[in-house]
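An overview of the molecular structure
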Amino acid sequence: MSTLTNLDLQNIPRHVAFIMDGNGRWAKNKGQHRLFGHAAGVESVKEVIKTARELGVAYLTMYAFSTENWARPSDEVEGLMNLLVDAIANEVDEMHANGVRLLTIGDIKGLPGNCYQSLLEAMERTKDNTALTLVLALNYSARKEILNAAIATHKKLLSGELSLDDINDTEFSKLLDTKDIPDPELLVRTSGECRISNFLLWQLSYTELLFTDTHWPDFRRKAFIDAIAAYQKRERRFGMVSEQIQTTK
Ligand code: IPE
Ligand code: IPE
Ligand code: MG
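A few points on the structure. (Residues numbered from 1 in each chain as written. Chains lettered and ligands numbered in written order. Predicted model: local features only at pLDDT ≥ 70, side-chain atom pairs only at ≥ 80, totals over all residues. Heavy atoms only, no water.)

A few points about the overall build of the chain
- Of the regular secondary structure elements, the chain holds eight helices and six strands.
- Listed by position from the N terminus, the elements making up the chain come as β-α-α-β-α-β-α-β-α-α-β-β-α-α.
- Relative to a compact globule of 249 residues, whose C-alpha radius of gyration would be 18 Å, the chain shows 19 Å and is just as compact.
- Projected onto its principal axes, the C-alpha positions of the chain cover 55 × 45 × 35 Å.
- By sequence separation, contacts in the chain at least 24 residues apart represent 77% of the contacts at least 6 residues apart.
- About 13,200 Å² of surface is accessible on the chain, with carbon and sulfur atoms providing 51% of the total.
- The chain carries 29 positive and 34 negative side-chain charges, and their two centres are separated by 3 Å. (Helix = DSSP H or I, 4+ residues; strand = E, 2+ residues; numbered from the N terminus. Rg over C-alpha atoms; globule rule 2.2 N^0.38 Å. Contact = heavy atoms within 4.5 Å. Areas by Shrake-Rupley, 256 points an atom, 1.4 Å probe, with all protein chains shown as cover. Lys, Arg positive; Asp, Glu negative; His and termini not counted. Charge placed at Lys NZ, Arg CZ, Asp CG, Glu CD.)

This is the structure in structure tokens:
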């Protein structure tokens, strides 16, 4: 518990996004099937949610399945979908009791019917909760999200609902899946890869990026606290110079 003393509790990121990578390698290192790694990864998700509540992080976004992940072997895809359904069934009561609201980004209609239904039910049940918002990115592609928003903008122009002068960052953001969700202050990608893999391309414009070698199943409370401590050492300049930032503090 002592690691909390390293943190400035006045500077906790409001929204942390995770690219949960490395489940497969973690399992392989143990001589196990990749799905064993994904199941262990669910435990990390639970611990990160718990730690976020403890620290006062208000939004968590977890990249759980990309549109590109459909290209994986079918038994792995099926296993991941089953894990999702099981995790929701097992965890929704506790999440609800703890004030967690579930949201999704991505095309969840493209998921197997039982996944889609259980997500809809969990979202409906938890929709009024306010302690923490958990956003699961499922069947998600940042490029598709942006293209869809561009198409929606075009339609609004054609119908006269918007004029060209109305179009700006704020209005465009309202047409993304992440409308109503603030941009993340911090993105963590586990397992050593330093890439974004089609995740939140619009929303990460000024996010602090943190890449750690830890595989996702090993990313637990201490790793999360260490990530926030590293974030707190950064100076977020937003295009300004250091002296300007110092005087606004
Ligand atoms: C992340 O772990 C989980 C998903 C993409 C669903 P990986 O399955 O990508 O693990 P590695 O990268 O193969 O180790
Ligand atoms: C990114 O991980 C997607 C998720 C974490 C769901 P991948 O393991 O699929 O990413 P790449 O393909 O190695 O970039
Ligand atoms: Mg991977």
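With respect to the pattern of salt bridges
- Taken as a whole and judged by the stated rule, the model has 18 salt bridges.
- Salt-bridge contacts for glutamate 161 lead to lysine 156; the nearest nitrogen and oxygen are separated by 2.9 Å.
- According to the relative accessible area criterion, glutamate 161 is exposed, its value standing at 56%.
- Judged by its relative accessible area of 22%, lysine 156 is partly exposed.
- Residue glutamate 171 is joined to lysine 174 by a salt bridge in which the shortest nitrogen-to-oxygen separation is 3.0 Å.
- You can call glutamate 171 partly exposed: its relative accessible area is 28%.
- Residues joined in a network through salt bridges with shared partners are Asp21, Arg25, Arg189, Glu193 and Arg195. (Salt bridge = Lys/Arg side-chain N within 4 Å of Asp/Glu carboxyl O. Buried < 20%, exposed > 50% of the residue type's maximum accessible area, 1.4 Å probe, protein only.)

A short note on the nonpolar core
- Among the nonpolar cores identified, the biggest contains 47 residues, and Phe18, Leu60, Met62, Leu119 and Phe224 are the most heavily contacted of them.
- In terms of residues, this core owes the most to one element, helix 3 (residues 74-97), which gives eight residues.
- Beyond its immediate stretch of four places on either side in the chain, leucine 60 contacts His15, Val16, Phe18, Val48, Ile49, Ala52, Leu132, Thr133, Leu134, Val135 and Phe224.
- Ala17, Val135, Ala142 and Leu187 belong to the second largest nonpolar core, which has 14 residues in total. (Core = buried A, V, L, I, M, F, W, Y, C linked by side-chain atoms within 4.5 Å.)

Examining the pairing of strand 3 (residues 100-105)
- For strand 3 and strand 4 (residues 132-140), the ladder comprises six bridges, and the chain directions are parallel. Residue pairing for strand 4: leucine 102 is matched across the bridge by leucine 134.
- Taken together, strand 3, helix 4 (residues 113-126) and strand 4 constitute a β-α-β crossover, and its handedness is left-handed. (Pairing = 2+ DSSP bridges. Right-handed = clockwise from strand over helix to strand, strands pointing away.)

Things to note about the pairing of strand 1 (residues 15-19)
- Buried residues dominate strand 1, accounting for five of its five residues.
- Residues of strand 1 alternate between two faces, with His15, Ala17 and Ile19 on one and Val16 and Phe18 on the opposite face, all of them buried.
- Here strand 1 pairs with strand 2 (residues 59-66) via five bridges, running parallel. Note that in strand 2 the partner of valine 16 across the bridge is leucine 60.
- Both strand 1 and strand 5 (residues 186-189) contribute to a ladder of four bridges, which runs parallel. Opposite phenylalanine 18, over in strand 5, you have valine 188 as the bridge partner.

Description of the packing of helix 3 against helix 4
- The contact between helix 3 and helix 4 brings their axes to 10 Å, and the two run at 15 degrees. Considered as vectors, helix 3 and helix 4 are oriented roughly parallel to each other. For the pair helix 3 and helix 4, the sense of crossing is left-handed. In this structure, helix 3 contributes Met81, Leu84, Val85, Ile88, Val92, Asp93 and His96 to the contact, and helix 4 contributes Asn114, Cys115, Ser118, Leu119, Ala122, Arg125 and Thr126.
- Counted by class, the contact of helix 3 with helix 4 contains eight nonpolar, four polar and two charged residues. (Axes fitted to C-alpha atoms, helices over the stretch in contact; angles between N-to-C directions. Parallel < 35°, antiparallel > 145°, perpendicular 65-115°, else oblique. Left-handed = near helix turned anticlockwise from the far one by under 90°. Nonpolar A, V, L, I, M, F, W, Y, C, P; charged D, E, K, R; others polar.)

Some remarks on the packing of aromatic side chains
- On inspection of all chains with the given rule, the structure shows twelve aromatic pairs.
- With 4.2 Å between their ring centres and 10 degrees between their planes, tyrosine 63 and phenylalanine 199 make a pair best called stacked. Remark: phenylalanine 199 occurs in the loop between strand 5 and strand 6 (208-211) and tyrosine 63 occurs in strand 2; sequence separation between them is 136 residues.
- Of the residues examined, phenylalanine 199 reaches a relative accessible area of 0% and is grouped as buried. (Phe/Tyr/Trp six-rings, centres within 6.5 Å; stacked < 30°, edge-to-face > 60°.)

Interpretation in functional terms is not warranted from these geometric data alone.
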